[in-house]
Protein chains: 2
Amino acid sequence: MALLKHLSLNQITTEQWNLKEAALGCAKAEIPWISIWRHKMEEFGLAESKRIIQDTGLQVSSLCRGGMFPAATKEQRQRNLDDNKRAVEEAAELGTDVLVLVCGPAPDRDIDLSRQWVEEGIEQLVPFAEAHGVKLGIEPLHPMYAADRSVIVTLGQANKMAEKFTADQVGVVVDVFHVWWDPELYEQIARAKGRILGFHVSDWNVPITNTFKARRMMGDGVIEIRRIRKAVEEAGYHGPIEVEIMNQDLWDMPGDDVLALMKDRFVKHV
Amino acid sequence: MALLKHLSLNQITTEQWNLKEAALGCAKAEIPWISIWRHKMEEFGLAESKRIIQDTGLQVSSLCRGGMFPAATKEQRQRNLDDNKRAVEEAAELGTDVLVLVCGPAPDRDIDLSRQWVEEGIEQLVPFAEAHGVKLGIEPLHPMYAADRSVIVTLGQANKMAEKFTADQVGVVVDVFHVWWDPELYEQIARAKGRILGFHVSDWNVPITNTFKARRMMGDGVIEIRRIRKAVEEAGYHGPIEVEIMNQDLWDMPGDDVLALMKDRFVKHV
């Protein structure tokens, strides 16, 4: 039960709720943390979003998301960088020091070049983020998203990229759904010691009929969530644990029920 | 065009055809190789299948598939091993020296234990396979199949496992669909030098709505197929190249049309 003080609602888990509903829902359910998605924040605007969160006494575990660096033209890559700077400002204003990076896919077949653009994008963003007291958390996504969401697909790759910077500038985000299959998982979690900026939980079950909405509630799948949580703790991470689940069944439920289920499963399976 | 002498129809690409139709279709389309699936062979029986293939003058690039080693009980693992021995005998009888291994998923949440069972299964199968002149080709599957088809998900992992044996006993099968996303891909292909027992092509395109039938015809997706083919050749592989595509649209086409499209795309994109 002590673990509940680390519980964070990643806002996409209750996509049916706007930011105010989610904040009030968390307060009511005594969930201490929330992770904010930018499209949810934009509905209210930054100042009002900040006020709502402060009023409920919630802490913000991260802002989702920056990244999406690659693009076919230099102009578009510059616009992507500018957007990342706005995300950094928003994170700082909302009171979190973590901006999660979903790094982006390749605009064509050249995956190596896109990986280079990701690296360049991060490099260009770091000084700005540092000046705002915001750390960049590279989140490796499951390889099934390599073509449409992220060319960064393993924790090893994220670690290697993060290690080019100091631990105050760039770290990694470990999401069990994205990394559970990796034969190097525990070795790479240990390597990430001191650089883990976030830990996300959900579960994997087959069949997958929609890759974006494939996640399930903890306990409904095959991931060894507790084992991964302990490894992350051994690597020095004791921060908030976000429940991040895109799933239509959950989105069709009343938000309060999602939170109740989430708390129950969190205690049993995380 | 010289590459066409390496073209092999992996029989699952024309799931609408039985073995006889596939063999005759290949002969008519002047495709020199075929890869046989066991469920297709069983329709005719081993002896008749062998006769059909010999009559058409086709060469068999591989038998699909052995593997599926993990199981919750020792008895079931023994039955799985026995079935693998039958697959070895069938491969030898059909005139191919390559049995492709799709290694199997975990029966529960313990992925490490399943990986151990895979290793034990291969170890137990090797002497039997060797006695029959058949090599075992470990095919790493895309990580999105880790929960339902294979706990072996990277070429690095397959290489490591194969290296416990001689190159005459155990090698790896490189399928572009399964490995294209891997940041270590080219390094691991080079490491597999002398052990590559098969090369499979298809393509990846989003969205994925059915993981099993997700593949597309070469040229319809984002995979750098030619680059991977050249890397495989540099690693000493100059054998048959199988087109292996589970895709409902192709299965709904007349088989002859699939073969014509496949030849055209093979020349353009492989």
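The structure displayed is predicted, hence computed values, not measured ones.

J.: So, the pairing of strand β1 (residues 7-10) of chain A: which residues are in play, and what are the values?
T.: All names here are of chain A. Of the two faces of β1, the one carrying Leu7 and Leu9 and the one carrying Ser8 and Asn10 are both buried. Pairing of β1 with strand β8 (residues 241-243) involves 3 bridges; the strand directions are parallel. Bridge pairing in β8 links Leu9 to Val243. Across 3 bridges, the pairing between β1 and strand β2 (residues 33-37) is parallel. Of the residues in β2, the one forming a bridge with Asn10 is Ser35. One crossover worth recording links β1 to the parallel β2 by way of helix α1 (residues 19-28), and it is right-handed.

J.: Give a description of the UniProt feature "domain: Xylose isomerase-like TIM barrel" (unreviewed entry) in chain A that names residues and reports values.
T.: In the numbering adopted here, UniProt assigns the feature "domain: Xylose isomerase-like TIM barrel" (unreviewed entry) to residues 23-249 of chain A. Counted over residues 23-249 of chain A, helix gives 43% and strand 17%. Its end C-alpha atoms are 21 Å apart.

J.: Requested: an account of the environment of Val222 of chain B, with residues and values cited.
T.: Along the chain, Val222 of chain B turns up in the loop between β7 (196-201) and α9 (225-234). The sequence separation of Val222 of chain B and Val206 of chain B amounts to 16 residues, and the corresponding C-alpha distance is 9.2 Å. Apart from residues lying up to four places away in sequence, Val222 of chain B is in contact with Arg109 and Ala147 of chain A together with Trp180, Asp203 and Trp204 of chain B.

J.: Mind laying out the layout of surface pockets, listing which residues take part and the relevant values?
T.: One number sums up the size of the largest pocket: a volume of about 1,000 Å³. For the largest pocket, the lining is made up of 41 residues, of which Thr154 and Glu184 of chain A together with Asp182, Glu184 and Gln188 of chain B are closest to its centre. Of all the elements in the fold, those that place two or more residues in the lining of the largest pocket are α5 (111-131), α6 (155-162) and α8 (185-191) of chain A together with α5 (111-131), α6 (155-162), α8 (185-191) and α9 of chain B. Its residues placed into classes, the lining of the largest pocket shows 11 nonpolar, 10 polar and 20 charged. In this structure, the second largest pocket encloses a volume near 260 Å³. Taken together, 20 residues form the lining of the second largest pocket, with Trp33, Val60, Gly95, Thr96 and Asp97 of chain A sitting closest to its centre. Within the residue set of the lining of the second largest pocket, elements represented by two or more residues are α3 (46-56), β3 (59-67), α4 (74-94) and β7 (196-201) of chain A. Considering only residue class, the lining of the second largest pocket consists of 10 nonpolar, 6 polar and 4 charged.

J.: Residues and numbers for the relation of the copies chain A and chain B, please.
T.: Superposing chain A onto chain B takes a rotation of 180 degrees plus a shift of 0.0 Å along the axis, which leaves an RMSD of 0.0 Å. Both copies of the chain, as the preceding transformation shows, are related through a two-fold rotation axis. Across chain A, the smallest distance between a C-alpha and the rotation axis is recorded for Thr209 of chain A, namely 2.4 Å.

J.: Just give me the short version of the nonpolar core, but keep the residues and values in it.
T.: One finds Ile122 of chain A together with Ile122 of chain B to be the most contacted residues of the largest nonpolar core, which totals 173 residues. Here Ile122 of chain B is in contact with Phe69, Leu101, Leu136, Ile138, Met161, Phe165 and Val170 of chain B, once residues within four sequence places are set aside.

Scoring rules and cut-offs
- Along each chain, numbering runs from 1 in the same order as the chain's sequence is written.
- Whichever chain is written first becomes A and whichever ligand is written first becomes 1, with later ones labelled in order.
- Totals for whole chains, interfaces and linings use every residue, but because this is a predicted model, local features are given only for residues with pLDDT of at least 70 and side-chain atom pairs only at 80 or more, for both listing and counting.
- Water and hydrogen atoms play no part in the side-chain values, which are based on all heavy atoms of the structure.
- Remark: exposure states derive from per-residue accessible area (1.4 Å probe, protein chains only) relative to the maximum for the residue type, with buried under 20%, exposed over 50%, and partly exposed in between.
- Going along the chain from the N terminus, every DSSP run of H or I of four or more residues is numbered as a helix, and every run of E of two or more is numbered as a strand.
- By this definition, two strands are paired if DSSP reports at least two bridges between them.
- The crossover handedness rule: strands pointing away from the viewer, path from first strand over the helix to second strand clockwise, crossover right-handed.
- UniProt positions are given in the numbering used here, feature names are shortened, and annotations may be inferred rather than shown by experiment.
- Contact between two residues is taken to exist if any of their heavy atoms lie within 4.5 Å; hydrogens are not considered.
- A pocket here means an open set of points on a 1 Å grid, computed over the protein atoms alone, that has protein on both sides within 12 Å along at least five of seven lines. A cavity is instead a set of points where a 1.4 Å probe fits but cannot get out; residues with an atom within 4 Å of a point line either one.
- Grid points are joined across faces, edges and corners, and a volume is the space filled by probe spheres set on the points.
- We call Asp, Glu, Lys and Arg charged. Ala, Val, Leu, Ile, Met, Phe, Trp, Tyr, Cys and Pro are nonpolar, and the rest, Gly among them, are polar.
- When the copies are overlaid, the least-squares fit takes in C-alpha atoms only where the residue has pLDDT of at least 70 in both copies.
- To define a nonpolar core, start from buried Ala, Val, Leu, Ile, Met, Phe, Trp, Tyr and Cys residues and group those joined through side-chain atoms within 4.5 Å.

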